[in-house]
Amino acid sequence: LLLSTDAPSKLVNTFFEENAITVHHLGLTSSSSAALDTWKPVSDELIKDALELTLDARNHPLMLCDASGLHQIGAVLGCLRRLQRWSLNSAVNEYRSFAGHKTRYQSEQF
């Protein structure tokens, strides 16, 4: 599950094809640019689409990635953790533990 708006390199695409890996490139299909007009780090549509794919067991095993590996993924995983009935504090602490000194207040607020 690729959340970045950047297209994967030719080498990465070749790896995906050779290993029969299905790529869902939501960064190109969801209107993530709409998030740039607001305080949100990603669009609601991108989160909804990512959660639908993540929760669908037919897509497992699943790897989530974005350009930085922190902020968009952190927002998706934070929403997933809340769906799993984690406390807000626990979900934010998980994001902070992976983001380290690169945490973004907007990602935590999403």
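Draft legend 1. Local environment of the overall build of the chain. Across its full length, the chain carries 6 helices and 0 strands. Its helices and strands taken in sequence order, the chain reads α-α-α-α-α-α from the N to the C terminus. The buried share among the 110 residues of the chain stands at 36%. If you take every contact in the chain between residues at least 6 apart in sequence, the share linking residues at least 24 apart comes to 55%. Total accessible area on the chain is roughly 7200 Å²; 55% of this is exposed by carbon and sulfur atoms.

Draft legend 2. Focus on the packing of aromatic side chains. By the definition in use, this model includes 1 aromatic pair. The cationic tip of Arg-81 hangs over the ring face of Trp-86; the distance from NZ or CZ to the ring centre is 4.5 Å.

Draft legend 3. Layout of the pattern of salt bridges. Tallied over the entire structure, the rule returns 4 salt bridges. Of the charged contacts, one joins Lys-48 and Asp-49 as a salt bridge, the two residues approaching to 3.4 Å between their closest N and O atoms. Here Arg-81 makes a salt bridge to Glu-94, at a shortest N to O gap of 2.9 Å. With a gap of 13 residues between them, Arg-81 in helix H4 (residues 71-83) and Glu-94 in helix H5 (residues 88-99) connect regions that are remote in the sequence. Of the residues examined, Arg-81 reaches a relative accessible area of 18% and is grouped as buried.

Definitions and limits used
- Residues numbered from 1 in each chain as written.
- Predicted model: local features only at pLDDT ≥ 70, side-chain atom pairs only at ≥ 80, totals over all residues.
- Heavy atoms only, no water.
- Helix = DSSP H or I, 4+ residues; strand = E, 2+ residues; numbered from the N terminus.
- Buried < 20%, exposed > 50% of the residue type's maximum accessible area, 1.4 Å probe, protein only.
- Contact = heavy atoms within 4.5 Å.
- Areas by Shrake-Rupley, 256 points an atom, 1.4 Å probe, with all protein chains shown as cover.
- Phe/Tyr/Trp six-rings, centres within 6.5 Å; stacked < 30°, edge-to-face > 60°.
- Lys NZ or Arg CZ within 6 Å of the ring centre and 35° of its normal.
- Salt bridge = Lys/Arg side-chain N within 4 Å of Asp/Glu carboxyl O.

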